[in-house]
Amino acid sequence: ALADAALRIRAYSRAVLYTERLIKADKDSAYFNKLLQTFLEMGDNDGAKGIFAVRSKGNLENQLKIAECTGRFEEATAIYTRKLHEDPTSTAAQRGLAQSLRADLQWERLSDFSEIAQLRNLNSPPLETMWCRIEAAWRLGQWDRIDELVDCTAVTRKPIPVELAYQRSLGGMLSSIKAGDKAKFESLRTEVLSSFAGPAITANAQGYSGIYPLSVRLHALAEVEEGLAVSRREEGPTLLLSRDRIKFATPEFEVREPILSVRATTLSVIGRNDAAATIYLELAKSSRKTRRFRVASSFIHRAESLGSQA
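Scope of this entry: the structure provided in the associated data block. (Residues numbered from 1 in each chain as written. Predicted model: local features only at pLDDT ≥ 70, side-chain atom pairs only at ≥ 80, totals over all residues. Heavy atoms only, no water.)

## Looking at the overall build of the protein chain
And step 1. When helices and strands are counted, the protein chain shows 17 helices and zero strands.
And step 2. Within the span of the protein chain, comprising 310 residues, buried residues form 45% of the whole.
And step 3. Pairs at least 24 apart in sequence give 50% of the contacts found in the protein chain among residues at least 6 apart.
And step 4. With the model as given, the accessible surface of the protein chain reaches about 16,500 Å², and the carbon-plus-sulfur share is 52%. (Helix = DSSP H or I, 4+ residues; strand = E, 2+ residues; numbered from the N terminus. Buried < 20%, exposed > 50% of the residue type's maximum accessible area, 1.4 Å probe, protein only. Contact = heavy atoms within 4.5 Å. Areas by Shrake-Rupley, 256 points an atom, 1.4 Å probe, with all protein chains shown as cover.)

If you want it as structure tokens, here you go:
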């Protein structure tokens with residue numbers, strides 16, 4: 001009870017202390033799971049990895065959890081691929097593979113993860129991971145693919161995940177700017193802003209951890225709105241006040257990369273290729289600093305495809 005109470009009020013050190021006392025008295029697996037939960041919530045990946053090392057004994061599921069909580073997404077991708085080979089219909093494996101590829105910024109592989117024809121049946125499991133494919137499509141500039149994915153998700157009657165609603169609107173807005181379809185842009189903009197009502201209430205209750213993802217989405221939409229205004233040479237409405245608001249974000253690569261990628265894509269869509277290439281080179285530099293050399297190479301390739309002499 002004391003361990004649970006400490007965890008609820010985020011007194012993590014006390015939660016660890018109380019849980020370790022329980023483990024010493026009774027080596028119940030439930031207590032190890034509680035200790036693991038505490039380590040993950042407090043961001044102690046080394047502690048979580050230690051728990052897995054003690055408890056895994058070669059267990060594939062635990063190896064997978066170690067890879068995910070320590071950021072070894074290539075290893076996680078390999079495990080999910082193996083699981084899919086064993087059971088191609090596994091929803092959990094499909095979702096895990098898509099999310100691992102996304103976390104590792106492997107957009108080309110994610111784009112090839114499934115053909116459009118396999119997504120026609122919207123009652124099938126791929127609907128749960130389609131948002132990853134839409135994000136991969138707009139990042140890679142596959143506009144025909146985006147249009148088909150957006151149309152596919154528009155005909156479903158079942159509620160779609162919040163992230164899918166956001167990505168289909170974001171990708172569709174970028175595509176509509178490229179096509180000069182203002183009506184479609186406004187329709188998708190209204191749709192995505194309406195979809196934020198429920199998540200905003202939930203996010204407020206969750207504090208910073210809930211508000212942060214929502215703020216990133218609003219930031220991304222502001223970038224796209226400003227891109228439309230620039231392409232039409234108008235001021236236009238914006239969701240946020242400062243073009244340099246990225247300066248207020250923390251400098252970590254994981255924080256800035258999604259925002260800067262939306263900015264670079266928007267700039268390339270409206271024909272500002274030099275500016276887009278500059279941002280991709282900035283992202284490549286940040287990637288190298290975090291030893292993500294494969295990611296850095298992909299950003300350099302994109303910059304070169306826009307005419308940069310990197």
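## Comments concerning helix α12 (residues 182-195)
And step 1. With 14 residues, α12 extends 20 Å from end C-alpha to end C-alpha; this agrees with the ideal 20 Å at 1.5 Å per step.
And step 2. What α12 keeps buried is the set F185, L188, R189 and V192. The buried residues of α12 all sit within an arc of 105° when viewed along its axis, so they share a single face. In α12, the exposed positions angled more than 90 degrees off the buried face are occupied by A183 and S194.
And step 3. You can read the cap of α12 off the contacts: a side-chain oxygen lies 3.4 Å from the backbone nitrogen of A183, and it is on D181. (Expected span 1.5 Å × (residues − 1). Arc of directions from axis to C-beta. Polar contact = N/O pair within 3.5 Å; in protein donor to acceptor, adjacent residues only side chain to side chain.)

## Things to note about the layout of surface pockets
And step 1. Considering only enclosed or pocket space, the largest pocket measures out at about 820 Å³ in volume.
And step 2. Around the largest pocket, the lining is made up of 27 residues, and of these R102, Y212, E254, E257 and P258 lie nearest the centre.
And step 3. Looking at the lining of the largest pocket, the elements that each hand over two or more residues are α7 (91-103), α9 (130-140), α11 (162-179), α14 (208-231) and α15 (253-269).
And step 4. A per-element tally of the lining of the largest pocket places α15 first, with seven residues.
And step 5. Tallied by class, residues from the lining of the largest pocket come to 17 nonpolar, two polar and eight charged. (1 Å grid on protein atoms, 1.4 Å probe; cavity = no way out; pocket = protein on both sides within 12 Å on 5 of 7 lines; lining within 4 Å. Points joined across faces, edges and corners; volume = space filled by probe spheres on them. Nonpolar A, V, L, I, M, F, W, Y, C, P; charged D, E, K, R; others polar.)

## Some words on the pattern of salt bridges
And step 1. For the coordinates displayed, the defined rule picks out nine salt bridges.
And step 2. Linking R139 and E257 is a salt bridge whose minimum nitrogen-to-oxygen distance equals 2.6 Å. Here R139, found in helix α9, pairs with E257, found in helix α15; they are 118 residues apart in sequence, far enough to count as distant.
And step 3. Judged by relative accessible area, which is 4%, E257 ranks as buried.
And step 4. Between E223 and R263 there is a salt bridge, with the nearest N and O atoms lying 2.8 Å from each other. In this pair, E223 sits in helix α14 while R263 sits in helix α15, placing the two residues 40 residues apart along the sequence. Both residues of the pair, E223 and R263, belong to the buried class.
And step 5. Salt bridges sharing partners connect three or more residues here, namely R102, E135, R139 and E257. (Salt bridge = Lys/Arg side-chain N within 4 Å of Asp/Glu carboxyl O.)

## Considerations on the environment of V262
And step 1. With respect to the helices and strands, the residue V262 is situated in helix α15.
And step 2. V262 sits 40 residues away from A222 along the chain, and the two C-alpha atoms are 9.8 Å apart.
And step 3. If sequence neighbours within four positions are ignored, V262 has contacts with W138, L170, A220, E223 and V224.

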